[in-house]
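Chain residues, written in single-letter form:
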Amino acid sequence: MKFSTGFKLMGKGLENLWRHKGSTLAAFISITIALTVLGYIALTWLNVMNLTDNFLGNLDVRVFLVKPGTVKKIETLEGIAKYEYITPDMALTKMAENYQFSSEYLRNVLADNPLQASYSLRVKNVQNIHQIVSTLEAMPEVDEVIYGGKTADSLIKLQRIIGGFGLLLFFILIMAILLIVANTLRLSFAVRKQEITLEKILGAGPLYIVAPFLWEGKALGLLSASAAVLVVLYSYKMFSAWSLTSLPYLPLKSLDSIKQMFIGVGLALGLVMGFIGSVWGVRRYWPKE
Amino acid sequence: MTQTPLVYLSGVSKAYNNNVVLRQADLVIPQGSFTFLLGHTGAGKSTLLKMISGEVKPTKGKIYVKGQDITRWSGSKKANWRRCIGYVFQEDRLLTYRTVYENVALPLEIHECSRRQIKDKVISILKVLGIGSKAYAYPDELSGGEKQRVSLARAIVANPEIIIADEPTAQLDPITAQEIFSLLSSLNQSAGISVIMATHEWELVSKTKYPSYVVRDGLLMPWEGSI
Ligand SMILES: Nc1ncnc2c1ncn2[C@@H]1O[C@H](COP(=O)(O)OP(=O)(O)OP(=O)(O)O)[C@@H](O)[C@H]1O
Ligand SMILES: [Mg+2]
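What you see is a predicted model, and the numbers here were worked out from it, not measured in a lab.

Draft legend 1. Region of interest: the packing of aromatic side chains. The tally for this structure, following the rule as stated, stands at 16 aromatic pairs over all chains. On the numbers, 5.7 Å between centres and 80° between planes, the contact of Phe170(A) with Phe171(A) is edge-to-face. Under the relative-accessibility criterion, Phe170(A) is labelled partly exposed at 31%. Both rings, one in Tyr87(B) and one in Phe89(B), keep their centres 4.6 Å apart while their planes meet at 10°; by these two values the pair is stacked. Residue class for Phe89(B) comes out buried when judged on its relative accessible area of 2%. Grouped by ring-pair contacts, the aromatic residues Phe34(B), Phe36(B), Phe181(B) and Tyr210(B) constitute a single cluster.

Draft legend 2. Highlighting the pairing of strand S9 (residues 212–216) of chain B. All names here are of chain B. Of all five residues that make up S9, four are buried, and the element is covered over most of its length. The sheet contact formed by strand S3 (residues 34–38) and S9 spans three bridges and is parallel. Across the sheet, the residue bridging to Leu 38 is Val 214, located in S9. In terms of strand pairing, S9 meets strand S10 (residues 219–222) through four bridges, oriented antiparallel. If you follow Val 214 over to S10, its bridge partner there is Met 221. The hairpin formed by S9 and S10 contains two residues between the paired strands, and Asp 217 there has a positive phi angle of roughly 50°.

Draft legend 3. Representation of the pairing of strand S8 (residues 194–198) of chain B within the structure. With five of its five residues buried, S8(B) lies for the most part within the structure. Burial along S8(B) is two-sided: the face carrying Ser194(B), Ile196(B) and Ala198(B) and the face carrying Val195(B) and Met197(B) are both buried.

Draft legend 4. Main features of the sheet that holds strand S5 (residues 68–69) of chain B. Residues and elements named next belong to chain B. The four strands lie next to each other as S2-S1-S4-S5, forming an open sheet whose pairing is antiparallel. A strand with exactly one partner marks an edge of an open sheet, and here the two such strands are strand S2 (19–29) and S5. In this sheet, strand S4 (residues 60–65) lies alongside strand S1 (residues 7–16) in antiparallel orientation, the contact comprising five bridges. Its bridge partner lying in S4, Tyr 8 is registered against Tyr 64. Against the sheet, helix H1 (residues 45–53) contacts S1, S2 and S4, and its axis sits at roughly 125° relative to S1.

Draft legend 5. A look at the environment of Leu106(B). With respect to the helices, strands and loops of the structure, Leu106(B) is situated in helix H3 (residues 100–110). Residue Leu106(B) is classed as buried on the basis of its relative accessible area of 4%. When sequence neighbours within four positions are dropped, the list of residues in contact with Leu106(B) reads Leu198(A), Glu199(A), Leu202(A) and Leu95(B).

Draft legend 6. Molecular detail of the nonpolar core. Residue and element names in this part refer to chain B. Residues Val 7 and Trp 81 are the most contacted members of the largest nonpolar core, which totals 65 residues. Those residues in contact with Trp 81, other than ones at most four positions away along the chain, are Leu 6, Val 7, Ile 52, Ser 53, Val 65, Ile 70, Trp 73 and Ile 162. Counting 44 residues, the second-largest nonpolar core is a separate cluster that includes Leu 108, Ile 131, Ala 165 and Tyr 210.

Draft legend 7. Highlighting the site of ligand 1. Residues and elements named next belong to chain B. For ligand 1, the set of nearby residues contains 14 residues, the closest of which are Thr 41, Lys 45, Ser 46, Thr 47 and Gln 90. Contact distances for ligand 1 include 2.5 Å between an oxygen atom and a side-chain N or O atom of Thr 47. At a separation of 2.6 Å, an oxygen atom of ligand 1 approaches a polar side-chain atom of Gln 90. Out of a free accessible area of 630 Å², ligand 1 has 62% covered by protein chains. Every element with two or more residues in the shell around ligand 1 is listed here: S2 and H1. At three residues, H1 tops the list of elements feeding residues into the shell around ligand 1. Taken together, the residues of the shell around ligand 1 sort by class into three nonpolar, nine polar and two charged.

Draft legend 8. Up close: the pattern of salt bridges. Taken as a whole, this structure holds 17 salt bridges over all chains when the rule is applied. Of the charged contacts, one joins Glu195(A) and Arg19(A) as a salt bridge, the two residues approaching to 3.6 Å between their closest N and O atoms. Taken together, the residues Glu195(A) in helix H8 (residues 193–201) and Arg19(A) in helix H1 (residues 3–19) connect sequence positions 176 residues apart. Look at Arg19(A) and you get partly exposed, because its relative accessible area is 28%. The closest approach of N and O atoms between Lys66(B) and Glu161(B), which form a salt bridge, is 3.0 Å. Of this pair, Lys66(B) sits in the loop between S4 and S5 while Glu161(B) sits in the loop between helix H5 (144–156) and strand S7 (162–166); the two residues are 95 residues apart in sequence, bridging distant segments of the chain.

Draft legend 9. The domain arrangement of chain A, seen in detail. Domains assigned within chain A are domain 1 (3–55 + 154–285) and domain 2 (60–147). Distance from the C-alpha centre of domain 1 of chain A to the C-alpha centre of domain 2 of chain A: 51 Å.

Draft legend 10. The interface of chain B and chain A, seen in detail. If you look at the interface, chain B gives 22 residues, while chain A gives 19 residues. Around 2,000 Å² of area is buried between chain B and chain A when both sides are counted, 56% of it from carbon and sulfur atoms. In this structure, Glu15(A) engages Arg98(B) in a salt bridge whose closest nitrogen and oxygen atoms are separated by 3.2 Å. Scanning the region where chain B abuts chain A turns up eight residue pairs in polar contact (both at pLDDT 80 or more). For the side of chain B that touches chain A, the secondary structure elements donating two or more residues are helix H2 (75–83), H3 and helix H4 (115–128) of chain B. Counting residues per element, the side of chain B that touches chain A draws most heavily on H2(B), at five residues.

What counts and how
- Every chain is numbered on its own, with residues counted from 1 as its sequence reads.
- Going through the entries in the order they are written, you letter the chains from A and number the ligands from 1.
- Since the coordinates come from a predicted model, pLDDT governs what is reported: local features require at least 70, and pairs of side-chain atoms require 80 or more to be given and counted, while whole-chain, interface and lining totals use all residues.
- As a rule here, side-chain values come from all non-hydrogen atoms in the structure, and water together with hydrogens is ignored.
- Working definition: rings of Phe, Tyr and Trp (its six-membered ring) pair if their centres are within 6.5 Å, and the pair is stacked with planes under 30 degrees apart, edge-to-face with planes over 60 apart, and tilted otherwise.
- Each residue's exposure class comes from its accessible area (1.4 Å probe, protein chains only) as a fraction of the maximum for that residue type: buried when under 20%, exposed when over 50%, partly exposed otherwise.
- Numbering of helices and strands runs from the N terminus; a helix is a DSSP stretch of H or I covering at least four residues, while a strand is a stretch of E covering at least two.
- Here a strand pair is declared whenever DSSP counts at least two bridges between the two strands.
- Here, residues are in contact when the closest pair of their heavy atoms is within 4.5 Å.
- Where helices are involved, their axes are fitted lines through C-alpha atoms of the stretch in contact, as for all axes, and angles between N-to-C directions lie from 0 to 180°.
- Working definition of a nonpolar core: buried Ala, Val, Leu, Ile, Met, Phe, Trp, Tyr and Cys residues. They are joined through side-chain atoms within 4.5 Å.
- One heavy atom within 4 Å of a molecule or strand is enough for the residue carrying it to be called near that molecule or strand.
- We call two N or O atoms a polar contact when they sit within 3.5 Å, provided that within protein one can donate a hydrogen and the other can accept it, with sequence-adjacent residues counted only if both atoms are side-chain atoms.
- Throughout, the Shrake-Rupley method with a 1.4 Å probe supplies accessible areas, and for residues the shown protein chains are the sole cover considered.
- Residue polarity is assigned by list, with Asp, Glu, Lys and Arg as charged and Ala, Val, Leu, Ile, Met, Phe, Trp, Tyr, Cys and Pro as nonpolar; anything else, Gly included, falls into the polar class.
- In what follows, salt bridge is the name for a side-chain nitrogen of Lys or Arg lying within 4 Å of a carboxyl oxygen of Asp or Glu.
- Note that the domain bounds were set by an automatic or database domain assignment.
- The buried area of a pairing is the accessible area, by a 1.4 Å probe, that goes missing from both parts when the two are put together, added over both.

Structure representation (structure tokens):
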């Protein structure tokens, strides 16, 4: 097929959208709503992951040692992001700071420093924290491991639930969008039935017949996605501004940090959904040869 | 050595459900010939023509185009053959929401002609058929005869190898009908385009020497001046 013909067929596809404006508008609104909901799901997911990761990432795992002295095994353990060896002396200084005593005083009161040497660890991925803790506990050099166990566990659970729920909603919405696009295109096909029949009799090939509908689907997807991206980003901007004064302790992801990703992924998703939906909608007429 | 006929029907039968329209029809359309097809209304003329273009499938029998059986053709081969045909449909099949110009341009667009070529060809063909002033009118704004001419223009604009004309003069006054026939006849003679034309106009047919066939009671037979 010639380039100029392809271009003309694209024009035809856009003309189709205009010819059944009513259903185009209905489809546009439905897809925009679905994609907007998808956008909010993504925003919620991103923020929850961000918050919990922040919290969990700062989770201190304290490994108390049986006797003072660094342990190479712990420092080189897989999955450890950062470690700090704390001598009994350092621990005492810290404690004094915490209780606002002078460390001299404490040292005098406590004839012998009773504090244990320990490691303060940060793990790379909190999902693995259980495994790391049990590995540590199994080491003979280790006396006890303390971390915010309960809190960490429930946060990890929350992440999993939100992740799974988000994924489920994501698939439902994607299917809904595909269905809307496919139906719109079936309707578009019906509207142009007379023309298609004639074109076939005049010798138009299958690609010639189908191409305008693929363009139509892509355009519909792209238009709806643009609208949805605008709605999502704009409302997120408003929400961020509002939360700054009303929920100042809530560290939301900044608009700038997500803008590009939302525009890129959103438009691509619209385009791909439009294309797949249109292929699905006109699959019976899909070129076979 | 004889030339392969452009179209050759061998033992073609067609029934719509239980309504048998054609029985064991044989027909040869040599390249560059002019053939008439006669028959009462409902005899099966349109059905026969549609089988030649591949729009209707025969119930039995074979249809050869340049020696190839079209009943076995794939979609793209069929599309190629159809691009060689200029079809004047009995019901004009003009797209009502497209202008005369756009309707006539359609086959050229399918042939992937350039915008410039399309413009030149469409404008000149409309002029030849005397409807140049109607280029930007919509089919609903035309008389029956004008529509028929648009339909004819669409059929001949893309230089077809064969023109299949299904009662192209049905709605025309005798003089215009004669003109249209003369046009088809001259396209046949000067450009060597094969023509097959279904018609009711026995008188017109009897004035020519072209081979003529008639469909009667499901049988296709040479016409000998009476029905
Ligand atoms: N698509 C169809 N489905 C069922 N029956 C059909 C169909 N097309 C035509 N027929 C029947 O086939 C018979 C022949 O129809 P056809 O249109 O070929 O006749 P015709 O010779 O062209 O008539 P006319 O001169 O009126 O145009 C008629 O009885 C008609 O009712
Ligand atoms: Mg007929």
